Number of protein chains: 2
Amino acid sequence: MAGKVFFSVSMSLDGFMAPEPVPVENVFSPEGQNDPRVQLWMKKWSELQAWVFPLRFFRENLKLGEGGEEGLDNDIARATYERTGASVMGKRMFDAGELAWPENAPFHTPVFVVTHTTREPWERPGGTTFHFVNDGIEAALNQARQAAGNRDVRIAGGAETILQYLNVGLIDEFSIALAPVLFGSGIRLFEGVDASRVALEQVRAVTTQRVTHLTYTARKR
Amino acid sequence: MAGKVFFSVSMSLDGFMAPEPVPVENVFSPEGQNDPRVQLWMKKWSELQAWVFPLRFFRENLKLGEGGEEGLDNDIARATYERTGASVMGKRMFDAGELAWPENAPFHTPVFVVTHTTREPWERPGGTTFHFVNDGIEAALNQARQAAGNRDVRIAGGAETILQYLNVGLIDEFSIALAPVLFGSGIRLFEGVDASRVALEQVRAVTTQRVTHLTYTARKR
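Residues numbered from 1 in each chain as written. Chains lettered and ligands numbered in written order. Predicted model: local features only at pLDDT ≥ 70, side-chain atom pairs only at ≥ 80, totals over all residues. Heavy atoms only, no water.

**Q** Explain the relation of the copies chain B and chain A here, please?
**A** Two copies of the chain are present, and they differ by a rotation about an axis and a shift along that axis. For the pair chain B and chain A, the relating rotation is 180 degrees, the translation along its axis is 0.0 Å, and the fit reaches an RMSD of 0.0 Å. Within this description, the copies of the chain are treated as partners about a two-fold rotation axis. Of the interface residues in chain B, 100% have counterparts in chain A that sit at the interface too, so the contact is made through matching surfaces. (Least-squares fit on C-alpha atoms with pLDDT ≥ 70 in both. Contact = heavy atoms within 4.5 Å.)

What follows is the structure, given as structure tokens:
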């Protein structure tokens, strides 16, 4: 049986899934970290993702050591990870991640990168292999479905890649961790959505201490 | 004891509280209703407000006759109405409402309209009196507080007026009926928010059949 295609992101109450972009090199360089734009980026990103960092699952998955919070947020983060048999991402997300992820990248499954760049598969310790797909989003998804087997395919990001899949009706369902923060500017999750073609149905909403988890199914209309 | 200052609106999942504006005269004229822009406006507005129309409270309040749905949506709509001792609104919302509301306007309390236009108070049957305030949002709120007594003041809209109050720290709490629809364009609720000055705290989220009710408190930061 084929799995589902989903995305799962954190979003500010005003609809942003990331702060205004800053050059990624800056974020991960010691000089960059004194740049006020980088500091603002880090501040907003930290507020958006505040529900994730304390989790036991997050610490485990990034090998940050023992401990961490259990409970509903942790269960949801773990379940999202465990249902995922393969991920798809855009080139910009990969480029940023290549600088940010530890050597032991946090996917532990095949990851298909939609890109115009040709590159041999890149295998990381711990089971993550990045495959670079040059013939479009459907080809990348088909390869991910094959790789995922019975498990689901996660469209990992960024926003533009998620919207490409959503607009052509290839997303079955999605979840949003709606953070109680306002960004005012940044990268909007639903920027460029073709509202005339996407219908949603609510599945559930659950509020935890730090965030509200919303789940929807999507279909063409 | 003074009441609270709140707003309560419906919002699409991508952050819009109204479709792209069309000339209000068109919406309420027979010719206008054949205009495709007006038709799209009505379609989107209907989807956004779909949770309200079937309610017993809605029918009662607009004197549309007996019947209507009871349950959580109805309880929430009724409670929002009952807590409100006075409303504040912007001039554009008033102008549209002046064309749209029935003679027996649906507020049944004093309403303070923030405007540069001077006009005598306009009393409607059923207890709604519109007062036109020419000296700014704080003056309008002070008059509304006086009029509301122990009850709360609702900042009724539109988005721009709500944001003016939110940005200067005059909103205590708010609720959003998050509709499972995507608009792609329109009037954003949080457009122009001063994110550096507004901090939120989640109070609760409840999903009903048609919508997710989110409640937050706001404070300066």
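**Q** Can you walk me through the interface of chain B and chain A in this structure?
**A** Interfaces are often sized by the accessible area lost when the parts come together. Opposite the 33 residues of chain B that make contact, chain A presents 33 residues. Between chain B and chain A lies a buried interface of about 2,500 Å² when both sides are counted; carbon and sulfur atoms form 61% of it. Among the residues of chain B in contact with chain A, L13, L182 and Q202 of chain B are the three that bury the most area, contributing 29% of the side total. On the surface where chain B and chain A come into contact, there are 2 salt bridges. (Buried area = accessible area lost by both parts, 1.4 Å probe. Salt bridge = Lys/Arg side-chain N within 4 Å of Asp/Glu carboxyl O.)

**Q** How should I be thinking about helix α7 (residues 159-167) of chain B in this particular structure?
**A** It helps to recall that an α-helix has 3.6 residues per turn; residues three or four apart then point in one direction. All names here are of chain B. For α7, the buried fraction is high: 7 of the 9 residues fall into the buried class. Turning to α7, its buried residues number three or more, namely A159, T161, I162, L163, Y165, L166 and N167. Directly after α7, the chain includes G169, whose backbone phi takes a positive value near 80 degrees. (Buried < 20%, exposed > 50% of the residue type's maximum accessible area, 1.4 Å probe, protein only. Helix = DSSP H or I, 4+ residues; strand = E, 2+ residues; numbered from the N terminus.)

**Q** Would you mind going over unusual backbone geometry with me for this structure?
**A** A negative phi holds for most residues other than glycine; trans holds for most peptide bonds. The step from G157 of chain A to G158 of chain A runs through a cis peptide bond, and the omega angle for that step is -10 degrees. Along the chain, G158 of chain A turns up in the loop between β7 (152-157) and α7 (159-167). Although it is not a glycine, K63 of chain A sits at a positive phi angle of roughly 55 degrees. Inspection of the secondary structure puts K63 of chain A in the loop between α3 (56-61) and α4 (72-83). Residue classification places K63 of chain A among the exposed positions, given a relative accessible area of 59%. Of note, the phi angle at H108 of chain B is positive, near 60 degrees, even though the residue is not glycine. Structurally, H108 of chain B is set in the loop between α5 (91-100) and β4 (110-114). Note on H108 of chain B: relative accessible area 22%, which makes it partly exposed.

The analysis is restricted to geometry; functional conclusions fall outside its scope.
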